Amino acid sequence: MGEAAPKLTPTTVAKRSYWRWSRHDFFPEPSFNSPNSYRSALANTCPRLKDRLLSRSTDDHELNELPIASENTMRRCLTAWDLIWLAFGAVVGSGIFVITGQEARLTSGPAVVLSYAASGFSALLSALCYTEFAVEVPVAGGSFSFLRIELGDFVAYIAAGNIMLEAIVGAAGLGRSWSSYFASMINNNPDFLRIRVDSLKPGFNLLDPIAVLVLFIANGIAMSGTRKTSILTWLSSIVTTLVIAFIIVVGFMHAKTSNLVPFFPFGVKGVFSSAAVVYWSYTGFDMVATMAEETKNPARDIPISLIGSMSMITVIYCLMALALVMMQNYTQIDKDAAYSVAFTSIGMNWAKYLVSVCALKGMTTSLLVGSMGQARYMTQIARSHMIPPFFALVHPKTGTPIYATLLTTISSCIVALFTSLDVLSSVLSISTLFIFMLMAVALLVRRYYDRESTSKGDLLKVVSCILVIIGASVVGTALWSMDMFGWIGYTVAAGVWFLATFVMSFLPKQKSPKVWGVPLVPWLPAVSILTNLFLMGSLGSEAFWRFLICSSVMLVYYVLVGVHATYDVEHQNNRESKIAEKLEDANEGVL
């Protein structure tokens, strides 16, 4: 199989330059030492895949062993104050300014307020699940590490692929939005600064060099240091808050209750269809979980920042949406520049520039925080060898993962150059909701299953309850989407979901949170599973096809590379542990 990679020690690490890119840095595993060793690895793909399907990581492994691969540590420099504004900066970007008008005009009318409330509730449930994990396993991997511990390597890899997709697509989407808003300020044409190439397919034929430039600048700042980026983010987020307060106050000063009638012009279905779309406005809070490794006191700061920021953002979004639909009748709202046109309609032409600047600034801070969080996801994924460990390296001076940041920067720049925003948004929504659903499942597994003490009978009960909860949620969502069987179908699906959750509530819990835990388990995680699947089902079939195509590409890479790299590392570590135990036993015998 070839010679194993040498184990790094503090001495060898200190002598190695950060700026290196040898083949061994990318593929140090024995399976990739030679063509013969790789052919041998491919021949053993099935047993290795079975091994990976059954493998689980541990809290200790993620916390203490994987970070060694980065050679240098990230600096603990963030407080609850920093994290609150990082969450605010990550979440409050273009979504509220771009999507609100579109959904109010075309899908939900004044009830878009309830769409934001429903999406905010779902996002808050997901934030609760993230918080419990981040407090107990404060590492850079976020959901990837949490899923690897509870659901295993294979599920974690699927999540990792979607995290990378979310990172690249999300950054590219923000870059394109930034370019559109900036161009609209100059010429009232969002495509003014783009280059049309008629030979390319529509949706990919408007090249956007401004988006590429913005992405490079934002990621360059993120690479310079965590503390600097954090200070810049919370200062600019405070400015955004003041502008949003102005929008809300002035909006309500010119509000007319008559504009709220009819409140449900598109019915209840329109509310939930909009909720699936406006959920994009809430994405980004999970980036805070990836900053846990750089947080001074994760047990205190992460719950305060995640729950506090998401509650605050939900209230702000609902107030902004309500101000818009009360200023203008939903039939008159401009779907592309809702707030700017609304202020123009009340004679405040200058305010449209304030709104545009606020949106641009919000997108810029979202890019800054996003580039920080995305790079930390990549770092932990690389530490596990699911992608080359080269991308796990942390720079000794900046304390940031420069190579991981460059990976997301270059990838997102390529996507942003060619791909339109409507193509990007549907892929991003379904990928994000899928990961949030898995996080709720992982929390249930963490509370009800312990690999050392849970009997096979209890495990079967836990798995059965979770599968029924997921199945009932999927069936109920499908019935709603296809408008079949009416309230009878919804009642049956809801009853099955309730019964499975009720039964699970009587199963013995194997673990209790050490510091902070989600209340009302299993009910809140089960509701999170339901809401995330429901919102996924409200998206169009095209989003699912793109999601399936991207997941298929990820699986090909996993079978050809990822499964062999992680298998080698796992079994090499096991061999080293057994040797260490034998040496320890021998020393005790001599003594």
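Under an unreviewed UniProt entry, the protein has the name Cationic amino acid transporter C-terminal domain-containing protein and belongs to Crotalaria pallida. UniProt, in the comment section headed Sequence similarities (unreviewed entry), describes the protein in these words: "Belongs to the amino acid-polyamine-organocation (APC) superfamily. Cationic amino acid transporter (CAT) (TC 2.A.3.3) family." The Subcellular location (unreviewed entry) field of the UniProt record for the protein holds the comment "Membrane".

For the protein, the count of helices and strands is 23 helices and two strands. For the protein, the C-alpha radius of gyration of 25 Å lies close to 25 Å, the compact-globule estimate for 591 residues. Viewed in the frame of its principal axes, the protein has a C-alpha envelope of about 90 × 55 × 50 Å. Buried residues in the protein amount to 55% of all 591 residues. Of the contacts formed within the protein by residues at least 6 apart in sequence, a portion of 85% connects residues at least 24 apart.

Turning our attention to a nonpolar patch on the surface. Nonpolar side chains collect at one region of the surface, where Leu-200, Phe-204, Phe-216, Ile-410, Ile-414 and Phe-418 lie side by side and expose about 510 Å² of accessible area between them. Within the element layout of this structure, Ile-414 appears in helix H18 (residues 402–418).

So, on to the pattern of salt bridges. Across all of its chains, the model carries 16 salt bridges by this definition. With a shortest N-O distance of 2.7 Å, Arg-446 and Glu-150 are connected by a salt bridge. Highlighted residues: Arg-446 in helix H19 (residues 421–448) and Glu-150 in helix H9 (residues 143–150), separated in sequence by 296 residues. Comparing Arg-446 with Glu-150 shows no difference in burial state: the two are buried. Overlapping salt bridges bring together Asp-51, Arg-52, Glu-62, Arg-148 and Asp-153 as one network.

Moving on: the packing of aromatic side chains. Geometry of an aromatic ring pair is reported as the spacing of the ring centres plus the angle between the planes. A full pass over the atoms with the stated rule returns 34 aromatic pairs. Linked through ring pairs, Tyr-18, Trp-19, Phe-26, Phe-390, Phe-391 and Tyr-403 together constitute an aromatic cluster. When the ring centre of Trp-480 is taken as reference, the NZ or CZ atom of Lys-269 above it lies at 5.3 Å.

This next bit is on the side chain of Asn-259. Secondary-structure assignment places Asn-259 in the loop between helix H12 (226–253) and helix H13 (267–278). Asn-259 sits in the buried class, given a relative accessible area of 9%. Here Met-326 takes part through its backbone oxygen, which lies 2.8 Å from a polar atom of the side chain of Asn-259. Contact partners of Asn-259, with chain neighbours within four places excluded, come to Pro-110, Val-325, Met-326, Met-327, Gln-328 and Asn-329.

With that out of the way, let us pick up the packing of helix H20 (residues 456–482) against helix H22 (residues 523–537). Each pair of packed helices can be summarised by the angle the axes make with each other and by the distance between the axes. Two elements in contact, H20 and H22, have axes separated by 9 Å at closest approach and are oriented at 35°. Viewed along their axes, H20 and H22 form a crossing whose handedness is right-handed. Contact with H20, carried on its side by Ile-469, Ile-470, Ser-473, Val-474, Thr-477, Trp-480 and Ser-481, involves Ala-526, Ile-529, Leu-530, Leu-533, Phe-534 and Gly-537 of H22 and no other residues of that element.

In this section: the environment of Thr-283. Among the secondary structure elements, Thr-283 is positioned in the loop between H13 and helix H14 (286–290). In contact with Thr-283, other than residues within four places in its own chain, are Ala-90, Val-91 and Thr-432.

The predicted model of the protein averages 84 in pLDDT, with 92% of residues at 70 or higher. Looking over the protein, one finds the lowest element-wise mean pLDDT in helix H1 (residues 10–15), namely 44, and the highest in helix H3 (residues 35–43), namely 93. Confidence over residues 1–14 falls short of pLDDT 50; this stretch has 20 contacts with residues more than four positions distant or in other chains.

Cut-offs used in this document
Residues numbered from 1 in each chain as written. Predicted model: local features only at pLDDT ≥ 70, side-chain atom pairs only at ≥ 80, totals over all residues. Heavy atoms only, no water. UniProt positions renumbered as here; feature names shortened; annotations may be inferred. Helix = DSSP H or I, 4+ residues; strand = E, 2+ residues; numbered from the N terminus. Rg over C-alpha atoms; globule rule 2.2 N^0.38 Å. Buried < 20%, exposed > 50% of the residue type's maximum accessible area, 1.4 Å probe, protein only. Contact = heavy atoms within 4.5 Å. Patch = residues over 30% accessible without salt bridge, like charges linked within 9 Å, V, L, I, M, F, W, Y side chains within 5 Å. Areas by Shrake-Rupley, 256 points an atom, 1.4 Å probe, with all protein chains shown as cover. Salt bridge = Lys/Arg side-chain N within 4 Å of Asp/Glu carboxyl O. Phe/Tyr/Trp six-rings, centres within 6.5 Å; stacked < 30°, edge-to-face > 60°. Lys NZ or Arg CZ within 6 Å of the ring centre and 35° of its normal. Polar contact = N/O pair within 3.5 Å; in protein donor to acceptor, adjacent residues only side chain to side chain. Axes fitted to C-alpha atoms, helices over the stretch in contact; angles between N-to-C directions. Left-handed = near helix turned anticlockwise from the far one by under 90°. pLDDT = per-residue confidence, 0-100.

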